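Structure assessment
Each chain, written out:
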Amino acid sequence: MRILPEISRTFGEYLLVPNLTDETCTPDNVDLSAPLVRHRLGQDSPIRIATPLTSAIMGAVSSPQLAIALAQVGGLSFIHQNQPIAEQAGMVSAVKKHKAGFRHNDVNIKPSATLGEADELLRSTGRDAAVVTDDGSPSGAFLGLITTQDFNFHRHHVGDSVESRMRRGAELVTGTAGMSLSTANSLLWDSRQDVLPLVGDDGRVTALVQRRDYELHKQFSNESVDADKQFRVGAGVNTHDYRERIPALVEAGADVLCLDSSDGYSVWQRNVLEFVRTEYGDTVRIGAGNVVDARGFDYLADAGADFVKVGIGGGSICITRDQKGIGRGQASALAEIVAARDAYAQRTGEYVPLCSDGGVLHDSHMAVAFAFGADFLMLGRYFARFTESPAPLVKVRGQALKEYWGEGSARARNAARYGQGTELHFEEGVDGYVPFAGSLYDNVKVTLAKLRSTMISCGSTTLRRFHETATLVQVSQQTFVQNSEDIERNERPTVG
């Protein structure tokens, strides 16, 4: 037995002390980009992300729709592995087929369907338009479009047919398969349409170009894309069926893989890393974890991990600490492993990025995590709240909520992730709700603005500089009570 001579600390126990803000510290000068995978010191990482946020490997969080949205704003999603191999590979493929600016045609409906069915389809997918095909499938013949602007249940009956309100193909301006994005956008604006279908010689829609995507591209010009301008996407893998799952995910186009386990300090993860290096060399990138001390980091880095994930028990829906007594405060874990990462880089010449996974309840905690030295974050609850997450939107006592469940919950039954074999004997995650927060695009924009502002106050314009020069101080609970005790907040905006 050994007892560490420290108290296990969380992000909420620290505040940042401002440094000098000089003339270079402006929002436009702040660079939040981060390396995603291992690289030689002095060289660029083969994969960088402009927004250092990734979505958790969870069924309630990472769907193709969220992966596309997050890639648009510069981050990256990891499609969860708690599902059949073919289904996971299909999700990865759907993201890769959605070339930046060109949407994959995956929301379709028959002309004989009702407006009620169209409304449900558009709501469930979060889309504004569906392609009408003769058989309601993506491979069907193109007949027209039905959008949220084409019907209103104050004027139209839910039982009316889609055909009665759709915009017929003959009335629409369409593009041709293979045309450039700039040409397609010009057609879109000249037509005054919100959606431009690209139609092949066989009369089938090959892609869609949307006005909203054009506006988003102008707003978020740092999309996570590969050399072919396809959105980057990651995928989770496990230590059981990896010999079958990894080849399928590589074939589907996954840009990076990540071992999905609550405890990554194991020979099983080393075996997977060795398999990847033997079969693919450095052409397939794979992260590993989770770990909470330098021993775990060194073990996985030596085994060939491209990044290492830090954190056990810190997730908002994780109860591993309660159930098994295993874990460590996220701040303490990160502090030790950051030192190990930097020592490893000096010893080997290889920089292995750190992903901080868990322990973030507020945007301010993200800033603290980066100050401690995290290269990028993996977030579950944060992304589960958004329109683009796959979790159902429900109303409970009049409040809009998103369902959110942990991979260790009875709902997910992801026994393998928690080392319980093939059967879940006890839960290590909960099944609950998080307040619905709206669009990912709007929320990430606010979060990034906060991070830039914090870094400016700390005199930094890059994450690395932020880590090297940040000053942190431990605080008492009374410090936070002081912030809100003196007034009763007015939640309604003042007019005038």
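In this report, the structure presented in the accompanying data block is examined. Within any chain, residue numbers begin from 1 and follow the written order of that chain's sequence. With the structure being a predicted model, the display of local features is reserved for residues of pLDDT at least 70 and the display and counting of side-chain atom pairs for 80 or more, all residues being used for whole-chain, interface and lining totals. Side-chain numbers come from the whole structure's heavy atoms, not from hydrogens or water.

What to know about the sheet that holds strand β15 (residues 256-259)
Sheet strands pair via backbone hydrogen bonds, and the direction of the pair is either parallel or antiparallel. Spatially, β5-β6-β14-β15-β16-β17-β19-β20 is the arrangement adopted by the eight strands of the closed barrel, whose pairing is parallel. The sheet shows a mean angle of 30° between the axes of neighbouring strands, direction not considered. With three bridges connecting them, strand β16 (residues 286-291) and strand β17 (residues 308-310) associate as parallel partners. Considered in β17, the bridge of Gly-289 is made with Lys-309. Those strands touched by helix α9 (residues 294-303) are β16, β17 and β19 (354-357), and its axis lies near 160° from that of β16. For two strands to count as paired, DSSP must find a minimum of two bridges between them. Secondary structure follows DSSP: runs of H or I at least 4 residues long count as helices, runs of E at least 2 residues long count as strands, and numbering of each begins at the N terminus. Fitted lines through C-alpha atoms serve as axes, helices being fitted only where they are in contact, and the angles separating the N-to-C directions of these axes extend from 0 to 180 degrees. What makes two residues a contact is simply this: any of their non-hydrogen atoms within 4.5 Å.

What about the nonpolar core?
Nonpolar side chains in soluble globular proteins tend to be buried together. If you look at the biggest cluster of nonpolar residues, it comprises 106 residues, and the most contacted ones within it are Leu-257, Phe-297, Leu-334, Met-366, Phe-383 and Leu-440. Excluding residues within four positions of it along the chain, Met-366 makes contact with Leu-53, Val-360, Leu-377, Leu-379, Tyr-382, Thr-447 and Leu-451. Among buried residues, the Ala, Val, Leu, Ile, Met, Phe, Trp, Tyr and Cys ones that are joined through side-chain atoms within 4.5 Å form a nonpolar core. Only protein chains enter the accessibility calculation, which uses a 1.4 Å probe; a residue is then buried when its area is under 20% of its type maximum, exposed when over 50%, and partly exposed in between.

Quick notes on helix α11 (residues 330-348)
The length a helix should cover is 1.5 Å for every residue beyond the first. Taking 1.5 Å per residue, 19 residues should reach 27 Å; α11 reaches 26 Å between its end C-alpha atoms and fits that length. By the burial criterion, the buried members of α11 are Gln-330, Ala-331, Ser-332, Ala-333, Leu-334, Ile-337, Val-338, Ala-340, Arg-341, Tyr-344 and Ala-345. Taken from the residues just after α11, Gly-349 is the one with a positive phi, measuring 80°.

Observations regarding the pairing of strand β9 (residues 142-147)
Counting buried positions along β9 yields five of six residues, so the element is predominantly enclosed. As judged from the five bridges shared by strand β8 (residues 129-133) and β9, these two strands associate in the antiparallel manner. Bridging across to β9, Val-132 finds its partner in Gly-144.

Here we look at a nonpolar patch on the surface
Every patch collects residues that have over 30% relative accessible area and no salt bridge, joining them within 9 Å if they carry like charges and within 5 Å if they are nonpolar side chains (Val, Leu, Ile, Met, Phe, Trp, Tyr). Exposure was quantified through the Shrake-Rupley algorithm and a 1.4 Å probe, taking into account, for residues, occlusion by the shown protein chains and nothing else. Every case where a carboxyl oxygen of Asp or Glu lies within 4 Å of a side-chain nitrogen of Lys or Arg is listed as a salt bridge. Among the surface-exposed residues, Leu-15, Val-17 and Val-473 lie close enough to one another that they form a single nonpolar patch of about 190 Å² accessible area. Judged by its relative accessible area of 33%, Val-17 is partly exposed.

Looking at the pattern of salt bridges
Evaluated as defined, the whole model comprises 24 salt bridges. Residue Arg-167 pairs with Asp-150 through a salt bridge whose shortest N-O separation is 2.7 Å. One end of the pair, Arg-167, is in strand β10 (residues 167-168); the other, Asp-150, is in the loop between β9 and α4 (162-165), and 17 residues separate them in sequence. With relative accessibility at 8%, the residue Asp-150 sits in the buried group. Two residues, Lys-450 and Asp-363, come together in a salt bridge whose shortest N-O distance is 3.2 Å. Note that Lys-450 is positioned in helix α14 (residues 440-457) and Asp-363 in helix α12 (residues 363-372), a separation of 87 residues in sequence. Using a relative accessible area of 44% as the deciding quantity, one classes Lys-450 as partly exposed. One network of salt bridges, in which partners are shared, links Arg-341, Asp-342, Asp-375, Arg-464 and Glu-468.

Details of unusual backbone geometry
Residue Gly-289 is joined to Asn-290 through a cis peptide bond whose omega torsion reads 15°. Positive phi, close to 65°, is recorded for Lys-229, a residue that is not glycine. Position of Lys-229 among the secondary structure elements: in the loop between α6 (211-219) and β14 (234-237). Lys-229 gets classed as exposed once you look at its relative accessible area, which sits at 51%.

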